[in-house]
Amino acid sequence: MDSVFKEIYTKHHQDIFHFLFYLVKNRELAEDLVQEVYIRVLKSYDRFEGKSTLKTWLLSIARNVAIDHFRKENTLKNKLFSRTDWKDYDIQDKRPIPEEVVIENETIGLLYRCLDLCTVDQRVVIICRYIQDLSISETAEILGWTESKVKTTQHRAIKALKKQMNRLLEKEGEI
Amino acid sequence: MKKNPMSDSEIAELLHQLPSVKDHRSMHEVYKNIENQLEQEKSYPVKKKKKLFLLPALATVAVLFLAIFLGSTLIEPNELYNIAEDVQMERGQSLEEKTSLPLDSQDTANGMERKEFGSFSSSKEEQKSILYEENPMRLSIYPNEFADDQLVVTLGLPDQNVQNVVPVSILVMKQDGKTWLDYYQDVMNSIDEELLGFAEYYPYQGELSLSEEGNVELNLMENHSYDLSSTTESIFFRSLDVFRNQKISSVILKQNASPADFSHTGDIHGEYAIPSLAKTGYFLFEANDYLYLAPGPERYEKIEDALNAMRNEISTHNLLPSIPESIDFSINDGQLGQLIIRINDQSKLVDNEETARFIDAVLLTAKDFGYQTVSFDNARIQEVGKFNLENPIEVPIGANLIGEVE
């Protein structure tokens, strides 16, 4: 077995999977994509300069893999656009929530679905910052952005999630 | 259910509580899959695909050659001539039919007509969608920022109050056999102005084409709405101004094959001459939470006047100042079309969004006055955002890069 693979699997496999899962919200797809990440990593490991940590480097590749997938799926436009459509947008994702995410807490379930309404960039920032607990500077490294852009995007994402959550909660309250 | 609206921190707290999800596969299983995938790639390299075209193409050429060669020996020369003429006539007719189809369907809804035009101009391939930049800083795109096989398409988008026409740029990949106008039309067909916070405007109510001399021709629908008032006319002409970026100096305007008339803003008969230099200033304009740099409504004699105006808002047009109060400078003309901006000793440039927008606005304005480069002297800072102030900066290719088409 390739030693690079072994090292990455042992140290970071679950992180990459977790990251991809929340980005695509589909177990099988996340499994495929995580393999694609390894393939790209094995082809370019010698280009890893050690400027960033191995984990941020891996996650930046994972992000690119996911974005390429979205492009292929040709749905990126809609996802990127969802930001502007809050009012009329109803959550279309009727896929069953995977067993891990079967949520005792209804509010968290709602939030999980609301993630779909973030743009891809916003979702990456949310995953890095809140789900993977990475710092602003690590997130900036993954995205190749400035820290201020990460902050702005994070702020927008939270604002967007809040707006949508409050709208849905209010709706449920009425029923 | 909760009554009080949730706060930012409550959302953040909930996000932390999202359950962690694990891949249940073993290391060996994953490794085996990857090995298989790599094996497959090895046995079916992607490059092979292209060569498949060669054989059928050669066969087609050979068949055509034989057909013409054998055909011409069987048919009398005269007949051959007649057939060619017939074919030509038929082609001419069908083209006429096609172009007149949308013009005839005036009673259908606007959207329908637009679709007709859209599919007519690019029926051969599927529409590619625009990937919009998430970057909150939608600065201009500069000569060193794109490759030779890419083209910058700039369109002027009228705002929702129909006061400003904001140029936005989209980077497209070039393909063989397409003219620059084809890319403009692709973008016009796919851009969603309303989602960007602008007024729905494109594609044009008519058909764009390139004349043999390389001029742009716009064959307008009979019931087009561009000549309704002085506002619609001026917005329309300002939208045509973007063709300046493609070195086009005038647009031929036709309606039913005869020159189209516009009488509200001067007397325009069949041709709109694009002013060679816009000579305007650039101001901040906000749409859907994004900031753009938009040309102001006035033309200025001198660039000093434009830059001075850019310190103040134009409240009638919702335009905000693009030059911060804290930045003071003097200007000079350098050699070879260079504008020299000398920052005063009292002003301190900070590497932030505001300064980057100021630099971008100055560069756009300089371009509109015919300058090639701008040098920021005495800046006492090397970089502001993507701008390196140590050397003169070339003026941008297109304002407000909003996205790209791959």
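The rules behind the values
- Residues numbered from 1 in each chain as written.
- Chains lettered and ligands numbered in written order.
- Predicted model: local features only at pLDDT ≥ 70, side-chain atom pairs only at ≥ 80, totals over all residues.
- Heavy atoms only, no water.
- Helix = DSSP H or I, 4+ residues; strand = E, 2+ residues; numbered from the N terminus.
- Buried < 20%, exposed > 50% of the residue type's maximum accessible area, 1.4 Å probe, protein only.
- Contact = heavy atoms within 4.5 Å.
- Areas by Shrake-Rupley, 256 points an atom, 1.4 Å probe, with all protein chains shown as cover.
- Phe/Tyr/Trp six-rings, centres within 6.5 Å; stacked < 30°, edge-to-face > 60°.
- pLDDT = per-residue confidence, 0-100.
- Pairing = 2+ DSSP bridges.
- Axes fitted to C-alpha atoms, helices over the stretch in contact; angles between N-to-C directions.
- Buried area = accessible area lost by both parts, 1.4 Å probe.
- Salt bridge = Lys/Arg side-chain N within 4 Å of Asp/Glu carboxyl O.

A. Layout of the overall build of chain B. Each helix and strand counted, chain B has 11 helices and 19 strands in total. Scored against the burial criterion, the 406 residues of chain B give a buried share of 42%. Within chain B, counting contacts between residues at least 6 apart in sequence, those at least 24 apart form 65% of the total. Entry remark: accessible area of chain B is about 22600 Å², with carbon and sulfur atoms responsible for 52%.

B. The packing of aromatic side chains, seen in detail. Residue and element names in this part refer to chain B. Taken as a whole and judged by the stated rule, the model has 25 aromatic pairs over all chains. Note on Tyr142 and Phe387: the rings are 5.3 Å apart at their centroids and 85 degrees apart in plane angle, and the pair reads as edge-to-face. Here Tyr142 is found in the loop between β1 (131-132) and β2 (150-158), whereas its partner Phe387 is found in strand β17 (residues 387-388), with 245 residues between them in sequence. No difference in accessibility class separates Tyr142 from Phe387, as the two residues are buried. Between Phe236 and Phe262 the ring centres are 5.5 Å apart and the planes differ by 25 degrees, which places this aromatic pair in the stacked class.

C. Representation of the confidence of the model for chain A. Residue-level pLDDT values for chain A average 79, and 77% of them are 70 or greater. This stretch, residues 74-94 of chain A, has a pLDDT under 50; its non-local contacts, to residues over four places away or in other chains, come to 56 contacts.

D. Focus on the sheet that holds strand β15 (residues 373-377) of chain B. Residues and elements named next belong to chain B. What the four strands build is an open sheet, ordered β13-β14-β15-β18; its pairing is mixed. Each having just a single partner strand, β13 (329-333) and β18 (393-394) make up the two edges of the open sheet. Across two bridges, the pairing between β15 and β18 is antiparallel. Its bridge partner lying in β18, Thr373 is registered against Glu394. Of the strands in this sheet, β13, β14 (338-343), β15 and β18 are in contact with helix α11 (residues 353-368), which crosses β15 at around 140 degrees.

E. How the structure looks around the interface of chain A and chain B. Facing the 58 residues of chain A at the interface are 43 residues of chain B. Summed over both partners, the interface of chain A with chain B buries about 4900 Å², with 65% contributed by carbon and sulfur atoms. Where chain A touches chain B, the interface holds one salt bridge. A salt bridge links B:Asp8 to A:Lys162, with the shortest nitrogen-to-oxygen separation between them at 2.8 Å.

F. Summary view of helix α7 (residues 180-190) of chain B. Of all the 11 residues making up α7(B), nine are buried; the element is thus mostly covered by neighbouring parts of the structure. For α7(B), the set of buried residues is B:Trp180, B:Leu181, B:Tyr183, B:Tyr184, B:Gln185, B:Asp186, B:Val187, B:Met188 and B:Ser190.

G. Structural view of the pairing of strand β5 (residues 216-220) of chain B. Residues and elements named next belong to chain B. Along β5, the buried face is formed by Val216, Leu218 and Leu220; none of Glu217 and Asn219, which line the opposite face, is buried. As paired strands, strand β4 (residues 206-210) and β5 are joined by five bridges and run antiparallel to one another. Note that in β5 the partner of Leu208 across the bridge is Leu218.

H. Here's a closer look at the environment of B:Gly337. Residues and elements named next belong to chain B. On the secondary structure map, Gly337 appears in the loop between β13 and β14. On the basis of relative accessibility, which here comes to 30%, the residue Gly337 falls in the partly exposed class. The spacing of Gly337 and Gly370 is 33 residues in sequence and 7.4 Å in space, taken between C-alpha atoms. Look past the residues within four positions of Gly337 in its chain and what remains in contact with it is Tyr371, Gln372 and Thr373.

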